[in-house]
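So the chains spell out like this:
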Amino acid sequence: MTDDVRAALLQQIKDKAVVHGKVTLSSGIEADYYVDLRRITLDGEAAPLVGQVLLELTDDLEFDAVGGLTMGADPVAASMLHAAAARGKRLDAFVVRKAAKAHGLQRRVEGPDIRGRRVLVVEDTSTTGGSPLTAVEAVREAGAEVVAVATIVDRATGAAEKIEQGAGVPYLYAYDKDELGLD
């Protein structure tokens, strides 16, 4: 990946995903802005950049599956899966449900079986780290080894400490709020 790809994604996030105004985040915290990364991860121009940037961010880690708590993680994992395939590498994706299904196979983690595999838990943006921690717990219950948690944007409000101490895995992010020009 070149710095051009990273810069291009940063510009896409600034142009398309940063929304100013009072909002209440999923953590319950009030903020003066919202970073709506679904406007990036589901965008035909920006989503391929997400996969490239996060593959580069996690290049020194060994994992063969990627996913996280639905819905924020789903398009991130798909972008990484496709970016890996474009590089000739196989990377499976998985989805962690908020609760196990009450019918069918009653699985909480959907997709190729992750039991005994090294996986990366992803999220689009993290504030407190709650969603990735929920995913880490579910993935471990499914028998996988979590190598790290990675997110596109870190809001710098405690997620890193909570994940590194609470889950005992590294926390990586591509951009922070300062790079987005937010306070």
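Criteria and cut-off values
Residues numbered from 1 in each chain as written. Predicted model: local features only at pLDDT ≥ 70, side-chain atom pairs only at ≥ 80, totals over all residues. Heavy atoms only, no water. Helix = DSSP H or I, 4+ residues; strand = E, 2+ residues; numbered from the N terminus. Rg over C-alpha atoms; globule rule 2.2 N^0.38 Å. Buried < 20%, exposed > 50% of the residue type's maximum accessible area, 1.4 Å probe, protein only. Pairing = 2+ DSSP bridges. Contact = heavy atoms within 4.5 Å. Axes fitted to C-alpha atoms, helices over the stretch in contact; angles between N-to-C directions. Lys, Arg positive; Asp, Glu negative; His and termini not counted. Salt bridge = Lys/Arg side-chain N within 4 Å of Asp/Glu carboxyl O. Phe/Tyr/Trp six-rings, centres within 6.5 Å; stacked < 30°, edge-to-face > 60°. Lys NZ or Arg CZ within 6 Å of the ring centre and 35° of its normal. Parallel < 35°, antiparallel > 145°, perpendicular 65-115°, else oblique. Left-handed = near helix turned anticlockwise from the far one by under 90°.

Turning to the overall build of the chain, a few remarks are in order. Helices and strands together make up the secondary structure of the chain, namely six helices and eight strands. Helices and strands appear in the chain in the N-to-C order α-β-β-α-α-β-α-β-β-β-α-β-α-β. For 183 residues, the compact-globule formula gives about 16 Å, and the C-alpha radius of gyration of the chain, at 16 Å, lands near that figure. Viewed in the frame of its principal axes, the chain has a C-alpha envelope of about 45 × 40 × 30 Å. Residue burial in the chain is summarised as follows: out of 183 residues, 47% are buried.

So, about the sheet that holds strand β8 (residues 171-176). Spatial ordering of the open sheet is given by β5-β4-β3-β6-β7-β8, a layout of six strands whose pairing is mixed. In this open sheet, the two strands that pair with only one neighbour each are β5 (109-110) and β8. By the bridge criterion, five bridges tie strand β3 (residues 65-69) to strand β4 (residues 92-96) in an arrangement that is parallel. Within β4, the position partnered with L69 by the bridge is V96. Contacts from helix α1 (residues 3-16) reach β7 (145-154) and β8 within the one sheet, and its direction differs from that of β8 by about 70°. Packing of helix α6 (residues 159-166) onto the sheet brings it into contact with β6 (118-126), β7 and β8, and relative to β8 it is tilted by some 170°.

The subject of this paragraph is the pairing of strand β2 (residues 30-35). Bridging between strand β1 (residues 18-24) and β2 involves five bridges; their strand directions are antiparallel. Of the residues in β2, the one forming a bridge with T24 is E30. Hairpin geometry of β1 and β2 is characterised by an intervening segment of five residues between the two adjacent antiparallel strands and by a positive phi of about 95° at G28.

Within the sequence span of helix α3 (residues 47-57), burial applies to A47, L49, V50, G51, V53, L54 and L55. Those residues of α3 that are buried lie in contact with α1, α2 (38-41), α4 (73-86), β7 and β8.

Our next topic: the side chain of R155. The residue R155 is located in the loop between β7 and α6 in this model. Buried R155, no salt bridge; nearest opposite-charge side chain is D154, N-O distance 8.3 Å.

Looking now at the packing of aromatic side chains. Under the criterion given, the structure shown has one aromatic pair. Arranged with centres 6.0 Å apart and planes meeting at 45°, the rings of Y171 and Y173 form a pair that is tilted. The exposure class assigned to Y171 is buried, which follows from its relative accessible area of 6%. The ring centre of F63 lies 5.4 Å from the NZ or CZ of K89, which sits over that ring.

It is at 9 Å that the axes of α1 and α3 come closest, and there the two elements cross at 130°. Of the possible angle classes, the one that applies to α1 and α3 is oblique. Considering the relative orientation of α1 and α3, their crossing is left-handed. Taken together, the residues of α3 that come into contact with α1 (itself represented by V5, R6, A8, L9 and Q12) are L49, V50, Q52 and V53.

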